[in-house]
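The chain contents come next:
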Amino acid sequence: MRGELTAKGKATRSRIVEGAAAVLREKNVASATLDDIMARTSTSKSQLFHYFPTGKDELLVAVAQFEADQVLEDQQPYLGRLDSWEAWGQWRDVVIKRYEIQGDECPLGSLFLQIGRSTPGTRAIVIELMRHWQESLAAGIRSMQAAGRLPAELDVDMRAAALLAALQGGVSILLSTGQSTHLRAALDQGIADLRRAGGAVA
């Protein structure tokens with residue numbers, strides 16, 4: 001596909017990507033076919049290849065980007081305004097709810113495991129997702145410093161990285177067991193550690 005898409009073209013492309021994401025949540029990458037996606041999105045083969053000229057691999061990368069964007073979008077508006085302990089608690093609740101509803105199915109994780117090492121661009125999407133997620137947590141910690149709720153000498157980047165790593169560990173265990181106990185513990189402990197660093201009651 002060449003040139004800038006029209007508004008209608010962008011809408012059509014988005015509809016194909018979202019439909020493909022729905023198909024891939026129901027089937028694994030290997031068993032999902034372009035015919036499945038065309039049927040779900042009421043798209044002809046010529047339309048599909050107009051928007052994704054190289055075919056399935058290009059579409060899979062677009063779906064991976066869609067799923068990555070959804071991970072962050074589902075945490076809003078709380079992830080973008082972690083400026084009080086109440087806001088941190090609200091963000092914690094949203095994250096737990098999202099992953100409990102998702103259960104042991106992780107669309108982005110499944111995509112990455114099945115195509116991440118063979119399809120260019122997918123690993124970069126996951127790396128960018130984690131970077132953005134960590135930066136959002138760091139921005140929240142800095143806003144707490146600016147409000148005097150956390151000490152200025154706190155190592156913001158280390159705290160944000162540790163919290164994200166603990167969260168991802170909890171998610172990994174949830175995906176393996178279907179239980180959110182470790183995810184809850186990771187978030188509760190991470191936020192409690194921040195509160196203690198600020199001298200607040202956890």
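Before reading further, recall that the structure is shown in the block above.
Please read all numbers here as calculations on a predicted model, not as lab measurements.

1. What about the nonpolar core?
Note on soluble globular proteins: their nonpolar side chains tend to be buried together. The biggest cluster of nonpolar side chains holds 33 residues, and the ones touching the most others in it are Trp88, Trp91, Trp133 and Leu137. If you list the elements that add at least two residues to this core, you get α4 (56-73), α5 (85-102), α7 (122-146), α8 (156-177) and α9 (181-197). Trp88 has contacts with Leu82, Leu137, Gly140, Ile141, Met144, Leu163, Ile191 and Leu194, leaving out every residue within four places of it along the chain. Membership of the second largest hydrophobic core comes to 20 residues, among which are Ile16, Val29, Leu34 and Leu48.

2. With respect to α4
Here α4 contains 18 residues, and its C-alpha end-to-end distance of 25 Å stays within 8% of the 26 Å for a straight helix at 1.5 Å per residue. Those residues of α4 not exposed but buried are Leu59, Leu60, Val61, Ala62, Val63, Ala64, Phe66, Glu67, Ala68, Val71 and Leu72.

3. Here's the deal with the environment of Thr122
Checked against the element boundaries, Thr122 lands in helix α7. The spacing of Thr122 and Leu60 is 62 residues in sequence and 8.5 Å in space, taken between C-alpha atoms.

4. A closer look at the environment of Gln102
Relative to the helices and strands, Gln102 resides in helix α5. With relative accessibility at 16%, the residue Gln102 sits in the buried group. Each C-alpha atom of the pair Gln102 and Gly178 lies 9.3 Å from the other, and the pair is 76 residues apart in sequence.

5. Some remarks on the packing of α5 against α9
At a closest axis distance of 10 Å, the pairing of α5 and α9 adopts a crossing angle of 170 degrees. Classed by the angle they form, the pair α5 and α9 counts as roughly antiparallel. At the point where α5 passes α9, the crossing takes the right-handed sense. Between α5 and α9, the residues in contact are Trp85, Trp88, Trp91, Arg92, Val95, Ile96, Tyr99 and Glu100 and Leu183, Arg184, Leu187, Asp188, Ile191, Leu194 and Arg195, respectively. Classifying every residue of the contact of α5 with α9 by side-chain character gives 10 nonpolar, no polar and five charged.

6. Section: the side chain of Thr12
Among the secondary structure elements, Thr12 is positioned in helix α1 (residues 7-26). On the accessibility criterion, Thr12 (11% relative accessible area) is buried. Ignoring sequence-local partners within four residues, the contact set of Thr12 consists of Gln47 and Tyr51.

7. Comments concerning the pattern of salt bridges
Considering all chains together, one arrives at 10 salt bridges under this definition. Between Glu26 and Arg40 there is a salt bridge whose closest N-O contact spans 2.7 Å. Remark: Arg40 occurs in helix α2 (residues 34-41) and Glu26 occurs in helix α1; sequence separation between them is 14 residues. Glu100 is paired through a salt bridge with Arg184; the nearest N and O atoms lie 3.0 Å apart. On the criterion of sequence distance, the pair formed by Glu100 in helix α5 and Arg184 in helix α9 is long-range, its members being 84 residues apart.

8. Digging into unusual backbone geometry
In this structure, Pro77 follows Gln76 across a cis peptide bond, with omega equal to 5 degrees. Notably, Ser42 is not glycine yet its phi reads approximately 50 degrees, a positive angle. With respect to the helices, strands and loops of the structure, Ser42 is situated in the loop between α2 and α3 (45-51). By relative accessible area, which is 64% here, Ser42 ends up exposed.

Analysis parameters
Residue numbering note: each chain is counted from 1, following its sequence as written. Given that the model is predicted, a residue must reach a pLDDT of at least 70 before its local features are reported, and side-chain atom pairs must reach 80 or more before they are shown or counted; all residues, however, enter totals for whole chains, interfaces and linings. Hydrogens are left out, water is left out, and the side-chain values use all remaining heavy atoms of the structure. By nonpolar core is meant a set of buried Ala, Val, Leu, Ile, Met, Phe, Trp, Tyr and Cys residues that side-chain atoms within 4.5 Å join together. Only protein chains enter the calculation, and the probe is 1.4 Å; a residue is then buried if its accessible area is under 20% of its type maximum, exposed if over 50%, and partly exposed in between. Helix and strand assignments come from DSSP, with helices taken as H or I runs of at least 4 residues and strands as E runs of at least 2, each series counted from the N terminus. Contact between two residues is taken to exist if any of their heavy atoms lie within 4.5 Å; hydrogens are not considered. To estimate the expected span of a helix, count its residues, drop one, and scale the result by 1.5 Å. Simply put, an axis is a line fit to the C-alpha atoms, just over the touching stretch for a helix, and the angle between two N-to-C directions goes from 0 to 180 degrees. When describing relative orientation, an angle under 35 degrees is termed roughly parallel and one over 145 degrees roughly antiparallel, while 65 to 115 degrees is termed roughly perpendicular and anything else oblique. Put simply, a crossing is left-handed when the front helix is turned counterclockwise from the back one by less than a right angle, and right-handed when it is turned clockwise. Only Asp, Glu, Lys and Arg are considered charged, only Ala, Val, Leu, Ile, Met, Phe, Trp, Tyr, Cys and Pro nonpolar, and every remaining residue, Gly among them, polar. Within this document, salt bridges are pairs made up of a side-chain nitrogen of Lys or Arg and a carboxyl oxygen of Asp or Glu, the two lying within 4 Å of each other.

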